[in-house]
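# Results of the structural survey
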Amino acid sequence: MTPSIQLTHLADGQALDLADLENNTWQQLQSALKNESDGFKTITLATCTADGADARMVVLRQVDAERKYVWFHTDARSEKVIQLEAFPNATLLFWDDKRQVQLRLTVETRLHTDDYVADEHWKDLWVGSRKTYLSEKTPGSEQPEPYPGFPVNLGDDLPTEAESEAGRKNFAVIECRVLTMEYLHLSRAGQTRARFQYEPVRKSVWLAP
Ligand SMILES: Cc1cc2nc3c(=O)[nH]c(=O)nc-3n(C[C@H](O)[C@H](O)[C@H](O)COP(=O)(O)O)c2cc1C
């Protein structure tokens, strides 16, 4: 069986080569930004710690398919920021149930808090998202009772644009320079696994699943 026949199931009946597969995958990441229910919209972020490893979900916020960067937002006071400052390399794990595709990106992260990158992202952030940055409590700190993650008096209400500005000091953007992207497609007709390496040199290769 030739590789192209093996891959026929991949993209709506079209045979794909490595370059097509890479381009399609980056386009899918980009289109996930506009679709809340897209599987690639949420990511498991795995980090290194002094004791081992940690993981949690984050939301995909920006993609640069040309330069191979992705970005997510977080609270500058959170544990993950402390971990990324100590160990900037991380893994971003995506799973799209509809497409049956797993993506594993190894990345080098860079923290943006008090700079134009964070300002630009903050500017475009809806007040509903800004609300979570109004928390007076350090994320992960122990509390005597349940705490909603924003001032209790806000309840279900949204802050005004002016009120939301108090959250800016807690807002961080994590820029992720993609070092490798590994693709895995599950199918009974044959699984497909490939690795796209961007650093230190570009290399694309099929892998045994
Ligand atoms: C679907 C989903 C999306 C989430 N998105 C984010 C996010 O974009 N940024 C973030 O900081 N936390 C997000 N969280 C919360 C984190 O998973 C995590 O609980 C929190 O940030 C504390 O993590 P840390 O203690 O490792 O810093 C999300 C959680 C879920 C379930």
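Calculation notes
Residues numbered from 1 in each chain as written. Predicted model: local features only at pLDDT ≥ 70, side-chain atom pairs only at ≥ 80, totals over all residues. Heavy atoms only, no water. Helix = DSSP H or I, 4+ residues; strand = E, 2+ residues; numbered from the N terminus. Buried < 20%, exposed > 50% of the residue type's maximum accessible area, 1.4 Å probe, protein only. Contact = heavy atoms within 4.5 Å. Areas by Shrake-Rupley, 256 points an atom, 1.4 Å probe, with all protein chains shown as cover. Lys, Arg positive; Asp, Glu negative; His and termini not counted. Charge placed at Lys NZ, Arg CZ, Asp CG, Glu CD. Pairing = 2+ DSSP bridges. pLDDT = per-residue confidence, 0-100. Core = buried A, V, L, I, M, F, W, Y, C linked by side-chain atoms within 4.5 Å. Polar contact = N/O pair within 3.5 Å; in protein donor to acceptor, adjacent residues only side chain to side chain.

## A look at the overall build of the chain
Looking only at helices and strands, one finds 6 helices and 8 strands in the chain. Beginning at the N terminus, the succession of helices and strands in the chain can be written as α-α-β-β-β-α-β-β-α-α-α-β-β-β. Overall, the C-alpha framework of the chain stretches about 65 × 35 × 35 Å when taken along its three principal axes. A total of 209 residues make up the chain; the buried ones form 42% of that total. Summarising the internal contacts of the chain: among those between residues at least 6 apart in sequence, 61% fall at separations of at least 24. Element-wise, carbon and sulfur atoms account for 50% of the exposed surface of the chain, whose accessible area totals about 11,800 Å². Put simply, the chain has 24 plus and 32 minus side-chain charges, and the middle of one group is 4 Å from the middle of the other.

## Describing the pairing of strand E1 (residues 42-48)
Because side chains alternate across E1, one face comprises the buried residues Ile43, Leu45 and Thr47, and the other comprises Thr42, Thr44, Ala46 and Cys48, none of which is buried. Here E1 folds back onto strand E2 (residues 53-64), and the loop between the two strands holds 4 residues. Strand direction decides the pairing type here: E1 and strand E4 (residues 89-96), joined by 3 bridges, are antiparallel. Of the residues in E4, the one forming a bridge with Ala46 is Thr91.

## Re the confidence of the model for the chain
Confidence in the prediction of the chain, expressed as mean pLDDT, is 93, and 93% of residues score 70 or more. Of the regions scoring below 50 in pLDDT, residues 1-9 engages in 13 contacts with residues more than four places distant in sequence or in other chains.

## Side note on the nonpolar core
One broad trend across soluble globular proteins is that nonpolar side chains are buried collectively. Membership of the largest hydrophobic core comes to 32 residues, with the highest contact counts inside it found for Trp26, Leu92 and Phe94. Counting 9 residues, the second-largest nonpolar core is a separate cluster that includes Tyr69, Val117, Leu125 and Tyr133.

## Describing the side chain of Ser135
Relative to the helices and strands, Ser135 resides in the loop between helix H5 (127-130) and helix H6 (161-164). Residue classification places Ser135 among the buried residues on the basis of a relative accessible area of 8%. A distance of 2.9 Å separates a polar atom in the side chain of Ser135 from the backbone oxygen of Lys137. Setting aside residues up to four positions removed in sequence, Ser135 forms contacts with Arg77, Tyr147, Gly149, Phe150 and Asn170.

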